[in-house]
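# Reading the structure
Listed below are the residues making up each chain.
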Amino acid sequence: MLNLSLLYFFYFSLFGVLFPYLGRFLKHHGYGFETIGFVMAVLTGVNIFAPFLVARISDITGNRLALTRNICFLLLLSTALLYPAWGLWYTVFIVGAIGMSLSMMLPQLEAFSLAFLGNDQHKYGSIRMWGSFGFVITVWLFGWSMNWLSIDWFRYFQVIIVLCLLVTILFLLWREPAESTQTVTEVASSSGLERLKTPAVAIMFLVMLLNQAALAPYNTFGDLYFQQAGFSTGEIGFLLAVAPTSEVILLALMPLLLSRFGYFSLLVLSLVLGVVRWWFTAHLGDQLVWVTVLQLTHSFTFGAMHVLAIYLVGKLFPPNQQGIGQSLYVSLVSGAGLVIGNLVAGQFWQNGTGAQQVFLAGMVICLISVVLTCWFVRPSQVKAAQAAGSVSTAKSD
């Protein structure tokens, strides 16, 4: 458990620098808002295809650990070579490599965690919360350091974090979980993609995709939006830290909440809070007190949604298809969802004048997601889909 907690800590610590501050880093080097949106779309867009090859190899060989180590070496090289002054297409290539590394690594970490937890998958939040804790520390530390350091330190912070992640993988994670060592014959008969033909599975992924699309403008332009609202660097660092801090607290409680209320109630509540969050962000984005309150809802609109997605993937995909299941989540949600959100936000942001319309669009998206969830992802439908997946896997074996 400690090894996995450290992995999540350092992995998501990198996100605490990358996503909130990459936009400012690129703007410092002369990139416009539309170009920043494009680069961010590349960062997340590679998630659509990058995880699948690695997932298939890991499901067949069961050797997730060696693959994860190699991916981390690629991530280290990519972060060290990020120099926006060398040109747009060079930057796009390097940012794409960073995105590929992150998207290929995450499904392996998730599969590791679910395999180690076994029948206690509802406790996943207790491990994942360390990722949010790492995010909190780095987003606050880097924002605070910007009071006297240049934004060019963005790259150095990234390299240090990736080195810590690599050391953790090399020296603390030294064995495969027992359930991850599947034989070729158990996996090769089915790719796992046929699970998307099941309505509950397909709509679950669609709901998660839509939620990520609603979150994307905040992830990409949140720092710049707060600057334009007149907040100081210290206030922005505080606001960016409030969200993951509340997330850490909620993730610590998720095992209890899942056992007490079940996934469905938490899923609907999280989406409804998304409706509230984006409506008020659009209308009260320059009010520090209100924005602080809204940042607290991030614990549900991102943290709980992520835990619920991992939980549902663990239920809807059999053990020998967990790699492909987690990769579908990364591809369709972190990939397609963020690409759509970033591209649309980049087109309509208009140097901040279109921010209100962008956030209101996020509110509408979350409202649609509530309806889809209530129609297609009810507990009875998920149980039926889970049973159908078990039967089809047994037949293919």
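Residues numbered from 1 in each chain as written. Predicted model: local features only at pLDDT ≥ 70, side-chain atom pairs only at ≥ 80, totals over all residues. Heavy atoms only, no water.

Turning next to the overall build of the chain. Tallying secondary structure elements over the chain gives 15 helices and zero strands in all. Scored against the burial criterion, the 397 residues of the chain give a buried share of 60%. Contacts spanning at least 24 positions in sequence make up 86% of the contacts within the chain whose residues lie at least 6 apart. Put simply, the chain shows about 15400 Å² of open surface, and 70% of that area lies on carbon and sulfur atoms. (Helix = DSSP H or I, 4+ residues; strand = E, 2+ residues; numbered from the N terminus. Buried < 20%, exposed > 50% of the residue type's maximum accessible area, 1.4 Å probe, protein only. Contact = heavy atoms within 4.5 Å. Areas by Shrake-Rupley, 256 points an atom, 1.4 Å probe, with all protein chains shown as cover.)

Further remarks concern the side chain of Thr-301. Turning to its location among the elements, Thr-301 is positioned in helix H12 (residues 298-316). When near neighbours in sequence (up to four residues on either side) are disregarded, Thr-301 contacts Asn-211, Leu-215, Ser-270, Leu-273, Gly-274 and Arg-277.

Before going further, it helps to examine the confidence of the model for the chain. For the chain, mean pLDDT is 84; residues scoring 70 or higher make up 89% of the total. Of all helices and strands in the chain, the one with the weakest mean pLDDT is helix H8 (residues 184-188) (45), whereas helix H14 (residues 355-376) scores best (96). Within the model, pLDDT remains below 50 along residues 179-189, and this stretch shows 24 contacts once partners closer than five positions in the same chain are excluded. (pLDDT = per-residue confidence, 0-100.)

Looking now at the packing of helix H9 (residues 199-228) against helix H10 (residues 233-284). At their nearest, the axes of H9 and H10 sit 7 Å apart, and the two run at 155° to each other. Judged by the angle between their axes, H9 and H10 are roughly antiparallel. As H9 runs across H10, the sense of the crossing is left-handed. Contacts between H9 and H10 involve Val-207, Met-208, Asn-211, Ala-214, Leu-215, Tyr-218, Asp-223, Tyr-225, Phe-226 and Gln-227 on the former and, on the latter, Ile-236, Leu-239, Leu-240, Ala-243, Leu-267, Leu-271, Arg-277, Trp-278, Thr-281 and Ala-282. Residue composition of the contact of H9 with H10, grouped by class: 15 nonpolar, three polar and two charged. (Axes fitted to C-alpha atoms, helices over the stretch in contact; angles between N-to-C directions. Parallel < 35°, antiparallel > 145°, perpendicular 65-115°, else oblique. Left-handed = near helix turned anticlockwise from the far one by under 90°. Nonpolar A, V, L, I, M, F, W, Y, C, P; charged D, E, K, R; others polar.)

As a further point, take H14. A rise of 1.5 Å per residue sets the reference length of H14, with its 22 residues, at 32 Å; its end C-alpha atoms lie 32 Å apart and thus fit the reference within 8%. Listed in full, the buried residues belonging to H14 are Ala-355, Val-358, Phe-359, Gly-362, Met-363, Cys-366, Ser-369, Val-370, Leu-372 and Thr-373. (Expected span 1.5 Å × (residues − 1).)

With that settled, the discussion passes to the packing of aromatic side chains. The tally for this structure, following the rule as stated, stands at 30 aromatic pairs. Residues Trp-349 and Phe-359 carry aromatic rings whose centres are separated by 5.9 Å and whose planes lie at 80° to one another, so their mutual orientation is edge-to-face. Note that Trp-349 is positioned in the loop between helix H13 (322-348) and H14 and Phe-359 in helix H14, a separation of ten residues in sequence. Both residues of the pair, Trp-349 and Phe-359, belong to the buried class. When the ring centre of Phe-261 is taken as origin, the NZ or CZ atom of Arg-260, which lies over that ring, is 5.0 Å away. Cation over ring: Arg-277 sits above Tyr-218, and NZ or CZ is 4.6 Å from the ring centre. (Phe/Tyr/Trp six-rings, centres within 6.5 Å; stacked < 30°, edge-to-face > 60°. Lys NZ or Arg CZ within 6 Å of the ring centre and 35° of its normal.)

Another aspect to go through is a nonpolar patch on the surface. A contiguous nonpolar surface patch, about 710 Å² in accessible area, is contributed by Trp-130, Phe-133, Ile-137, Trp-140, Leu-141, Trp-144 and Trp-148. Mapped onto the secondary structure, Phe-133 falls in helix H6 (residues 124-145). (Patch = residues over 30% accessible without salt bridge, like charges linked within 9 Å, V, L, I, M, F, W, Y side chains within 5 Å. Salt bridge = Lys/Arg side-chain N within 4 Å of Asp/Glu carboxyl O.)

Turning next to the pattern of salt bridges. Taken as a whole and judged by the stated rule, the model has two salt bridges. Asp-223 serves as the salt-bridge partner of Arg-24, at 2.8 Å between the closest nitrogen and oxygen. Of this pair, Arg-24 sits in helix H1 (residues 2-28) while Asp-223 sits in helix H9, and the two are 199 residues apart along the sequence. The class for Arg-24 is buried, based on a relative accessible area of 16%. Across the pair Arg-128 and Glu-247 runs a salt bridge whose closest N-O atoms are separated by 3.8 Å. One end of the pair, Arg-128, is in helix H6; the other, Glu-247, is in helix H10, with 119 residues separating them in the sequence. Among the residues examined, Arg-128 registers a relative accessible area of 2% and is labelled buried.

One turn of the α-helix equals 3.6 residues, which is why residues spaced by three or four share an orientation. Between its terminal C-alpha atoms H13 stretches 37 Å, which fits the 39 Å expected from 27 residues at 1.5 Å a residue. Here H13 lies mainly inside the structure; 21 of its 27 residues are buried. Looking one or two places after H13, you find Gln-350, whose phi comes out positive at around 50°.

Take Pro-199: it is sitting in helix H9. Residues Pro-199 and Ala-385 lie 186 residues apart in sequence; the distance between their C-alpha atoms is 8.2 Å.

In this section: the side chain of Thr-91. Here Thr-91 lies in helix H5 (residues 88-117). Its relative accessible area of 0% is what places Thr-91 among the buried residues. Residues within four places of Thr-91 in sequence aside, it is in contact with Leu-26, Tyr-31, Leu-82, Tyr-83 and Pro-84.

Position of Gly-354 relative to the elements: it lies in the loop between H13 and H14. Judged by its relative accessible area of 7%, Gly-354 falls in the buried class. Along the sequence, Gly-354 and Ala-282 sit 72 residues apart, while their C-alpha atoms lie 9.9 Å from each other. Excluding residues that lie within four positions of it along the chain, Gly-354 makes contacts with Phe-348 and Trp-349.

What follows covers the packing of helix H2 (residues 33-45) against H5. At their nearest, the axes of H2 and H5 sit 8 Å apart, and the two run at 35° to each other. Crossing of H2 against H5: the hand is right-handed. For the pair H2 and H5, contact is made by Thr-35, Phe-38, Val-39, Val-42 and Leu-43 and by Leu-88, Trp-89, Val-92, Val-95, Gly-96, Ile-98 and Gly-99, respectively. Its residues assigned to classes, the contact of H2 with H5 comprises nine nonpolar, three polar and no charged.

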